[in-house]
Number of protein chains: 2
Amino acid sequence: MMKQERAARTRQLLIRSAAETFERQGFTRATLADISSSAGVSTGALHFHFANKDALASTVEATAATTLRRAAHGVRQPGANALQRLTGASHALADRLRHDVVARAGFRLSCGDGPHRPGLDLRGEWFECIRHLLTEADHEHLLAEGVSRQDVAAAIAAATTGFEVLGRTDPNWLSPASLSSFWHLILPRLATAEALAALDLPTGDPLARPRAVEIWERKN
Amino acid sequence: MMKQERAARTRQLLIRSAAETFERQGFTRATLADISSSAGVSTGALHFHFANKDALASTVEATAATTLRRAAHGVRQPGANALQRLTGASHALADRLRHDVVARAGFRLSCGDGPHRPGLDLRGEWFECIRHLLTEADHEHLLAEGVSRQDVAAAIAAATTGFEVLGRTDPNWLSPASLSSFWHLILPRLATAEALAALDLPTGDPLARPRAVEIWERKN
């Protein structure tokens, strides 16, 4: 392996290890020694790439931003209407948060829950995306009469925030089945009958339900 | 003031100061020195009441549990149907989370986001309350046909989790206006027409909207 390739690979290993360590221990408790040893590199090698823990956190955030923006934009196929793109973007983001630890840790860091001062606001970007696509849906005459677009945007923002937060401890909150259940419930309130009939929602594995929901099912 | 009264008052001051400090700085960064000085008492007085930071956190959690359980049960007026009690409980809990820093900090500690090992699971208790009241609503024939009760419970759980998390930085996510908008949107999907007509939802101050929603309104 060329020296440059090896350096790039070490950097990737450190970013992933940092994300895993932040998720497991929280930003404050994570140490550079934990991060370098989990990555299988020396602390010297870590310091060659990153000045300190904040620099690592900012890189995790920036990497998550690239992944999540690409996921959300990837579903903007030509021809798909705005509601199709909105539901598609929510599924694409949930998929990345569920399967990619760097996306998950970076999103969380950017929310500023902890002591790391985030450079980005990925939750705010997602809310802006919801607002934008609902405005487009309105222009495309896809929205039902008599429902406030702001109320719809706020409900989608709140519920998807819940999926993200609950998905940190039970990834099935972010499963296609979980998201589609939400959309099946709410879409008839916000879309016209024609728009609703034209929508294509992924069903996903019906067994990939959050544990809390499984327990409710067993109890009844 | 009697010695006993003074001790009880100091204890209350310390619980409130701990809650404020945990909310401001996070559990890990909060120090006992910060907590005692904000409460205006000596560290010696703090140690008389609480062995360590974990003991303080557990007391904040337990105090929050008492407040929130009382709020949720307070709306169980005889005669009110199960959907009325469900929406009422959500408003009562949101009101406490919005206005009572001990309830807010204790709820958050009990969610186990941080390094404090929670003794309670207040979010889990709320989800159980949702499930229970939807089961009662079903027995009372208040639920619309063809909608899965589990999907409804999951959507309410996710959205209210979002309100709580977003309310940490913008309390207006927990305002009566914000909650009622959500219920007005979702109830027609889950309640029969008769049940819907009988419901009484607080409207609240329409100006107490989350900042993100206000910005959306100005942009359109």
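Residues numbered from 1 in each chain as written. Chains lettered and ligands numbered in written order. Predicted model: local features only at pLDDT ≥ 70, side-chain atom pairs only at ≥ 80, totals over all residues.

Novice: For this particular structure, what's the right way to read the overall build of chain A?
Specialist: Looking only at helices and strands, chain A has 11 helices and zero strands in total. Along the three orthogonal principal directions, the C-alpha set of chain A runs to about 60 × 45 × 35 Å. Burial status across chain A gives 44% buried among its 220 residues. In chain A, the proportion of contacts linking residues at least 24 apart, taken out of those at least 6 apart, comes to 68%. (Helix = DSSP H or I, 4+ residues; strand = E, 2+ residues; numbered from the N terminus. Buried ≥ 20, exposed ≤ 12 C-beta atoms within 10 Å, placed from the backbone. Contact = placed C-beta atoms within 7 Å.)

Novice: So what exactly am I meant to see when it comes to the interface of chain B and chain A here?
Specialist: In this complex, chain B contributes 37 residues to the contact, which on the side of chain A involves 37 residues. Of all the secondary-structure elements, those providing two or more residues to the side of chain B that touches chain A are α7 (122-139), α8 (149-167), α9 (176-190) and α11 (211-219) of chain B. Considering each element in turn, the side of chain B that touches chain A owes the most residues, 14 residues, to α8(B). Taken together, the residues that form the side of chain B that touches chain A break down as 21 nonpolar, 10 polar and six charged. (Nonpolar A, V, L, I, M, F, W, Y, C, P; charged D, E, K, R; others polar.)

Novice: Sorry if this is basic, but what is going on with α7(B) here?
Specialist: Each turn of an α-helix holds 3.6 residues, which means side chains three or four residues apart point in the same direction. All names here are of chain B. Taking 1.5 Å per residue, 18 residues should reach 26 Å; α7 reaches 26 Å between its end C-alpha atoms and fits that length. Those residues of α7 not exposed but buried are Leu 122, Arg 123, Trp 126, Phe 127, Ile 130, Arg 131, Leu 133, Leu 134 and Ala 137. Where α7 ends, the next residue or the one after it, His 141, has phi of about 60°, a positive value. (Expected span 1.5 Å × (residues − 1).)

Novice: Can you walk me through the nonpolar core in this structure?
Specialist: Within soluble globular proteins, side chains that are nonpolar generally end up buried alongside one another. Counting residues in each nonpolar core, the largest one holds 123 residues, and the members touching the most others are A:Val60 and B:Val60. Contacts of B:Val60, omitting those with residues within four sequence positions, involve B:Ile15, B:Ala18, B:Ala19, B:Phe22, B:Val102, B:Ala105, B:Gly106 and B:Leu109. (Core = buried A, V, L, I, M, F, W, Y, C linked by C-beta atoms within 7 Å.)

Novice: Explain the domain arrangement of chain A here, please?
Specialist: One frequently used descriptor of interface size is the decrease in accessible area upon assembly of the parts. Residue and element names in this part refer to chain A. According to the domain assignment, chain A contains domain 1 (1-50) and domain 2 (54-219). One C-alpha centre belongs to domain 1, the other to domain 2, and the line joining them spans 29 Å. Of the residues lining the interface, 12 residues belong to domain 1; the matching set on domain 2 comes to 15 residues. No other element matches helix α1 (residues 3-25), which puts seven residues into the side of domain 1 that touches domain 2. Residues belonging to the side of domain 1 that touches domain 2 are distributed by class as follows: seven nonpolar, two polar and three charged. (Domains from an automatic or database assignment.)

Novice: Is there a simple way to think about the relation of the copies chain B and chain A in this case?
Specialist: Copy one and copy two of the chain differ by a rotation about an axis and a translation along that axis. With an axial shift of 0.0 Å and an RMSD of 0.0 Å, the rotation relating chain B to chain A amounts to 180°. Both chain copies can therefore be described as sitting about a two-fold axis. (Least-squares fit on C-alpha atoms with pLDDT ≥ 70 in both.)

Novice: What is the right way to read the packing of helix α4 (residues 53-74) of chain B against helix α6 (residues 101-110) of chain B from this model?
Specialist: Packed helices, taken two at a time, are described by their axes: the angle between them and the distance between them. Residue and element names in this part refer to chain B. Contact geometry of α4 with α6 gives a least axis separation of 7 Å together with a crossing angle of 110°. Taken as axis vectors, α4 and α6 run roughly perpendicular relative to one another. When the axes of α4 and α6 are compared, the crossing they make is left-handed. Each of Ala 57, Val 60, Glu 61, Thr 63, Ala 64, Ala 65, Thr 67 and Leu 68 in α4 lies in contact with α6, whose residues at this interface are Val 102, Ala 103, Ala 105, Gly 106, Phe 107, Leu 109 and Ser 110. Residue composition of the contact of α4 with α6, by class: 10 nonpolar, four polar and one charged. (Axes fitted to C-alpha atoms, helices over the stretch in contact; angles between N-to-C directions. Parallel < 35°, antiparallel > 145°, perpendicular 65-115°, else oblique. Left-handed = near helix turned anticlockwise from the far one by under 90°.)

Novice: Can you walk me through helix α5 (residues 82-99) of chain B in this structure?
Specialist: The end-to-end C-alpha distance of α5(B), which contains 18 residues, comes to 26 Å, matching closely the 26 Å that a straight helix rising 1.5 Å per residue would cover. Where burial is concerned, most of α5(B) is hidden: 15 out of the 18 residues are buried.

Novice: Please explain the packing of α8(B) against α9(B) as it appears in this structure.
Specialist: All names here are of chain B. The N-to-C vectors of α8 and α9 enclose an angle of 170°; their axes lie 12 Å apart at closest approach. Between α8 and α9, the interaxial angle falls into the category roughly antiparallel. Side by side, α8 and α9 meet where Val 152, Ala 155, Ala 159 and Phe 163 of the first sit next to Ser 178, Leu 179, Phe 182, Ile 186 and Leu 190 of the second.

Novice: Any chance you could explain the environment of A:Gly40 here in plain terms?
Specialist: By the secondary structure assignment, A:Gly40 is in the loop between α2 (32-39) and α3 (43-49). Considered as a pair, A:Gly40 and A:Leu174 are 134 residues apart in the sequence and their alpha carbons are 31 Å apart.

Novice: Teacher, can you tell me more about the confidence of the model for chain A here?
Specialist: Where the model shows low pLDDT, its predicted coordinates should not be examined in detail. Counting all residues, the mean pLDDT for chain A is 91, and 91% of those residues have values of 70 or more. We note a pTM of 0.92 for the whole complex and an ipTM of 0.92 for its interfaces. (pLDDT = per-residue confidence, 0-100.)

Novice: Before we go on, may I ask you to explain the environment of A:Gly162 in this structure?
Specialist: On the secondary structure map, A:Gly162 appears in helix α8 (residues 149-167). Under the C-beta neighbour-count criterion, A:Gly162 is labelled buried, with 25 such atoms within 10 Å. Between the C-alpha atoms of A:Gly162 and A:Pro188, which are 26 residues apart in sequence, the distance is 21 Å. Among all residues touching A:Gly162, those that are not within four sequence positions of it are B:Ala157, B:Ala158, B:Ala159, B:Thr161 and B:Gly162.

Novice: Even after reading the chapter, I still don't get the environment of A:Ala30, so can you show me in this structure?
Specialist: Residue and element names in this part refer to chain A. Relative to the assigned elements, Ala 30 resides in the loop between α1 and α2. Assessed through the 21 C-beta atoms surrounding it within 10 Å, Ala 30 is described here as buried. Filtering out sequence-adjacent residues up to four positions away, Ala 30 remains in contact with Thr 21, Phe 22, Gln 25, Ile 35 and Lys 53.

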